[in-house]
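Structure at a glance
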Amino acid sequence: MKKTLTTTALLLTLGFAGTAAADCTVGDPPVVPDGTSATEAEMVSAQQAIKAYVAETQEFLQCIEFESKGRPTGDATRRYNEASERMEKLASNFNKQLKVFKSR
C-alpha cells in the first residue's frame, strides 16, 4: 500500500512538473503610444496593459526559476534575461512617452 502511494505521488509530481514547464510562456509586450499625439484614454489604457504585462512577465520569471531549480541551463538563463530586459525596456519606454505626454 505504501509503495503504491509513493508511486502515485511520484507520478503526480512528475506530471505537475511537466505542466509547469509547458506553462512557462509570456505574450508579446503591448504597444506604447506616442506621447506627442496620444489621448489620455490611450495612455491610461497602455498603462493598464503594461501593468498586466509586467505581472505576466513576473509570473513567467518565477516559472523559469521553478523550471530550472536544481538544474540551471543556458537556455533558462537566456529566456529569463531576455524577458527581464524586455520588461525593463517596455517600462522605460512608457515612462519616457508619459513624460512627453504630460509636458504637452
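From a predicted model like this one, the values you see are computed outputs, not experimental measurements.

**Overview of the nonpolar core**
Listed in full, the nine residues of the largest apolar core are Val32, Ala38, Met43, Ala46, Ile50, Tyr53, Leu90, Phe94 and Phe101. Elements supplying a minimum of two residues to this core: helix 2 (40–67) and helix 3 (74–102). Among the elements that make up this core, the one with the highest residue count is helix 2 (four residues). When residues no more than four places from it in sequence are discounted, the contact partners of isoleucine 50 are Pro30, Val32, Leu90 and Phe94. Formed by eight residues, the second largest nonpolar core is a distinct cluster that contains Phe60, Leu61, Ile64 and Met87.

**Some words on the packing of helix 2 against helix 3**
Relative orientation and spacing of two packed helices are given, respectively, by the angle between their axes and the distance between those axes. Taken N-terminus to C-terminus, the directions of helix 2 and helix 3 make an angle of 165°; their axes are 10 Å apart at the nearest point. As far as their axial angle goes, helix 3 and helix 2 are roughly antiparallel. For the element pair helix 2 and helix 3, the recorded crossing hand is left-handed. The class makeup of the residues in the contact of helix 2 with helix 3 is 16 nonpolar, five polar and five charged.

**Quick word on the confidence of the model for the chain**
For residues with low pLDDT, the predicted coordinates do not support detailed interpretation. Taken over all residues, the pLDDT of the chain has a mean of 84, while the share at 70 or more is 79%. Scored below 50 in pLDDT, residues 4–21 makes three contacts in the model with residues more than four places away or belonging to other chains.

**Here's the deal with the pattern of salt bridges**
Tallied over the full model, the rule gives four salt bridges. Measuring nitrogen to oxygen at the nearest pair gives 2.4 Å for the salt bridge that ties aspartate 75 to arginine 78. On the criterion of helical spacing, the pair formed by aspartate 75 and arginine 78 is a turn pair, its members being three residues apart in helix 3. The partly exposed category is assigned to aspartate 75, whose relative accessible area is 39%. The partly exposed category is assigned to arginine 78, whose relative accessible area is 40%.

**Quick word on the environment of serine 103**
Topologically, serine 103 is positioned in the segment after helix 3. With 67 residues separating them in the primary sequence, serine 103 and threonine 36 have C-alpha atoms 9.0 Å apart. A distance of 2.8 Å separates a polar side-chain atom of serine 103 from the backbone oxygen of valine 100.

**Looking at the side chain of threonine 57**
Along the chain, threonine 57 turns up in helix 2. For threonine 57, a relative accessible area of 0% puts it in the buried group.

**Some words on helix 2**
Between the first and last C-alpha of helix 2 there are 40 Å, a value that for 28 residues agrees with the 40 Å anticipated at 1.5 Å per step. Residues Met43, Ala46, Ile50, Tyr53, Thr57, Phe60, Leu61, Cys63, Ile64 and Glu67 constitute the buried set of helix 2.

What counts as what
What you see as residue numbers is a count from 1 along each chain, following the sequence as written. In view of the model being predicted, local features appear only for residues whose pLDDT reaches at least 70, and side-chain atom pairs are presented and counted only at 80 or more, with totals across whole chains, interfaces and linings using the full set of residues. Excluded from the side-chain calculation are hydrogens and water; included are all heavy atoms of the structure. Among buried residues, the Ala, Val, Leu, Ile, Met, Phe, Trp, Tyr and Cys ones that are joined through side-chain atoms within 4.5 Å form a nonpolar core. Only protein chains enter the accessibility calculation, which uses a 1.4 Å probe; a residue whose area is less than 20% of its type maximum is buried, one above 50% is exposed, and one in between is partly exposed. Only DSSP runs of H or I covering at least 4 residues are called helices, and only runs of E covering at least 2 are called strands; the numbering of each starts at the N terminus. Working rule for contacts: check all heavy atoms of both residues, and any pair within 4.5 Å makes them a contact. Whenever a helix is involved, its axis is fitted only over the stretch in contact; in every case the axis is a line through C-alpha atoms, and angles between N-to-C directions fall within 0 to 180 degrees. Throughout this description, any angle smaller than 35 degrees is read as roughly parallel, any larger than 145 degrees as roughly antiparallel, any in the 65 to 115 degree range as roughly perpendicular, and the remainder as oblique. Throughout, a crossing is termed right-handed when the near helix is turned clockwise from the far one, and left-handed when it is turned anticlockwise from it by less than a right angle. Each residue is assigned to one of three groups, with Ala, Val, Leu, Ile, Met, Phe, Trp, Tyr, Cys and Pro labelled nonpolar, Asp, Glu, Lys and Arg labelled charged, and all others, Gly among them, labelled polar. Values of pLDDT, the confidence the predictor places in each residue, fall between 0 and 100. Only one rule defines a salt bridge in this text: a Lys or Arg side-chain nitrogen within 4 Å of an Asp or Glu carboxyl oxygen. Throughout this description, a polar contact denotes any pair of N or O atoms lying within 3.5 Å of each other; where both atoms belong to protein, one of them has to be capable of donating a hydrogen while the other can accept it, and for residues adjacent in sequence the pair is counted only when both atoms sit in side chains. Helix span, as expected, comes to 1.5 Å for every residue beyond the first.

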